[in-house]
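Results of the structural survey
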Amino acid sequence: MVNGVPLRTRTETHRVEGSPLQGDIIKINLDPKKGHEQAGYRPYICLSNKIISDYANIAIFAPISNTDRKYPLYIPLQKTKTIGSVLLDQLVTIDYNARPFKFVETIPSALLRHLLSITTMIFQKNEAEYMTEERTG
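The text that follows walks through the structure, step by step, so that each part is easy to find. (Residues numbered from 1 in each chain as written. Predicted model: local features only at pLDDT ≥ 70, side-chain atom pairs only at ≥ 80, totals over all residues. Heavy atoms only, no water.)

1. Some thoughts on unusual backbone geometry
Residues other than glycine predominantly adopt negative phi, and peptide bonds predominantly adopt the trans conformation. With phi around 55 degrees, Asn57 is a residue other than glycine that occupies positive phi space. Phi is positive for Lys79, close to 60 degrees, though the residue is something other than glycine. With respect to the helices and strands, the residue Lys79 is situated in the loop between strand S4 (74-76) and strand S5 (85-87). (Helix = DSSP H or I, 4+ residues; strand = E, 2+ residues; numbered from the N terminus.)

Laid out in structure tokens, this is it:
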């Protein structure tokens, strides 16, 4: 419950209703994309807490790619039907009601906790040694 409003709970019905939940892998087409953004009909994993989708009908996702590139923010999927790496440096907000998508699977809890711990690190404040007093653009 948040501010006296009950939150939805995970049920199979939810998936049928079209609301991806944290840890769900879906396939969706986000074209058109530009530059280095992942494009085309591809798998994405929902990382955001359900409170976002409960109130805004959007969720935060990371694309999944079959890239062989070694990079600290590319996390290989384990114990899933889906093959590839989660690209945590390319998070996107998706209005999943505006585009058709297909539910694929839900990842194991341990993998979700690992992805969320890395995602949390991405948004931590930089250390002072990397900051400047004034930034010029």
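Next comes the rest of the account.
2. What about the pairing of strand S2 (residues 41-46)?
With respect to burial, S2 is a largely interior element, 5 of its 6 residues being buried. Where strand S1 (residues 24-29) meets S2, 5 bridges bridge the pair, whose relative direction is antiparallel. Its bridge partner being in S2, Lys27 is matched across the sheet by Pro43. In terms of strand pairing, S2 meets strand S3 (residues 59-65) through 3 bridges, oriented antiparallel. (Buried < 20%, exposed > 50% of the residue type's maximum accessible area, 1.4 Å probe, protein only. Pairing = 2+ DSSP bridges.)

3. Regarding helix H3 (residues 109-122)
Compared with an ideal rise of 1.5 Å per residue, which puts 14 residues at 20 Å, H3 spans 20 Å between its outermost C-alpha atoms and is within 8% of the ideal. Along H3, the residues that are buried comprise Leu111, Leu112, Leu115, Ile118 and Thr119. Down the axis of H3, the buried side of the element spans an arc of 130 degrees, and every buried residue falls inside it. Buried residues along H3 sit against S2, S4 and S5. (Expected span 1.5 Å × (residues − 1). Arc of directions from axis to C-beta. Contact = heavy atoms within 4.5 Å.)

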